[in-house]
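# Breakdown of the fold
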Amino acid sequence: MTDDSGGGRIRLPERALEPFVRFSLYNSPYPAHDRGCAVDLYRDPDREDDVAPSPVAGEVLDTHERRVPRKEYAEATDHILLVDVDEGASEVDAVADGEGTLDTADLVARMLHVDPAVEPGERVEVGDPLGRLVRSGFFAPWVDDHVHLGFRRRDRHLLRAGGSLPLSLPVEPRPLAWDGTGTVVEVGETYVVLDSPHDHLGEWVGVAADGGGVLDGGLAHYEGGGLLCGADENGDGPVSLLGYEVGTATGGTVEWGSFDVLANGERATGLSLFCARDAGFGAKVVHPGHDLTVGDRVEVGFRESDEPVRLG
């Protein structure tokens, strides 16, 4: 896989997360998320509007409309929104890369899945409305609407899918231990959400790997995911969940093994893993064609497979 990002790592500032209640670096089949080079930011699922708040401050450079894969539940077009990140501002911490010092004067924020209500030359602050969230044809049916955010050096190609810089997080999500069981509290045609693991403290949390850290990504219906660890933890090596080795981490990126995800013994598509701070957080089981209803008990497990579900 070609990397033309120019190296370096962008530390996403905490205030960029303020308008949102969920995020994921790895829960996507698309190359833009390889190595955690982009983050998907989700608003409160119980909100009453479809406004997309800005996670960055700066001047709008340009917007581009693009056609997307045709899906009956999605819109025919999506948009790319480019913002010139404030020079010297704290919205993005300065980093060093292989081509010298990289600071905010060198960066452009690249956002997707927003029908922009802003024009080139306009200024936006963190939390300002950018436009309307788009139900994109890039989304699987179980994926909620969100803002996709990545950062590029301004001398890179700003429209192609790959080329954004890897991101590091301003928060350390607290790992929530999970025994693989729960009661269904939300049902969709292609998924169910369980009541566990659960937390009401309002801090960032996620499903804990057995050895520490938080798992992020589509397990294992996408090729890989991530292991989000604290500053003092080593994220490399075998990764397990529910006592089963699900993959191997290198630099925080996890390559999933070859196995099936089971829900009450029946093969499911996978687990949708992300970080959240809202009261509705719980394990999300991706399972098109299920016959589960609210109140049903579910036990998740794994079994070795020569033909695991792989999407993308």
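That block above? That's the structure.
Anyway, here's the lowdown on the structure attached to this text.

### Considerations on a negative patch on the surface
Taken together, the side chains of Asp 44, Asp 46, Asp 144 and Glu 186 make up a negatively charged region of the molecular surface. Counting through the fold element by element, Asp 44 comes out in the loop between strand E3 (39–42) and strand E4 (51–53). You can call Asp 44 partly exposed: its relative accessible area is 34%.

### Describing the pairing of strand E17 (residues 191–194)
The side-chain alternation of E17 yields two buried faces, one formed by Tyr 191 and Val 193 and the other by Val 192 and Leu 194. Note: strand E16 (residues 181–188) against E17, 4 bridges, orientation antiparallel. Counted as the bridge partner of Val 187 is Val 192 from E17. Strand direction decides the pairing type here: E17 and strand E28 (residues 284–286), joined by 3 bridges, are antiparallel. When the sheet's bridge partners are listed, Val 193 is paired in E28 with Lys 284.

### Thoughts on the nonpolar core
Counting residues in each nonpolar core, the largest one holds 35 residues, and the members touching the most others are Phe 23, Val 39, Val 83, Met 111, Leu 149, Phe 151 and Leu 228. For this core, the secondary-structure elements that each account for two or more residues are E3, strand E6 (77–85), strand E9 (107–112), strand E12 (129–133) and strand E13 (147–153). Apart from the residues within four sequence positions on either side, Met 111 is in contact with Pro 55, Val 56, His 79, Ile 80, Leu 81, Val 83, Leu 130, Val 147, His 148 and Leu 149. Among the nonpolar cores identified, the runner-up in size contains 33 residues, and Leu 176, Trp 178, Phe 259 and Phe 274 belong to it.

What counts, and at which threshold
Residues numbered from 1 in each chain as written. Predicted model: local features only at pLDDT ≥ 70, side-chain atom pairs only at ≥ 80, totals over all residues. Heavy atoms only, no water. Patch = residues over 30% accessible without salt bridge, like charges linked within 9 Å, V, L, I, M, F, W, Y side chains within 5 Å. Areas by Shrake-Rupley, 256 points an atom, 1.4 Å probe, with all protein chains shown as cover. Salt bridge = Lys/Arg side-chain N within 4 Å of Asp/Glu carboxyl O. Lys, Arg positive; Asp, Glu negative; His and termini not counted. Charge placed at Lys NZ, Arg CZ, Asp CG, Glu CD. Helix = DSSP H or I, 4+ residues; strand = E, 2+ residues; numbered from the N terminus. Buried < 20%, exposed > 50% of the residue type's maximum accessible area, 1.4 Å probe, protein only. Pairing = 2+ DSSP bridges. Core = buried A, V, L, I, M, F, W, Y, C linked by side-chain atoms within 4.5 Å. Contact = heavy atoms within 4.5 Å.

Purely geometric numbers; function is a separate question.
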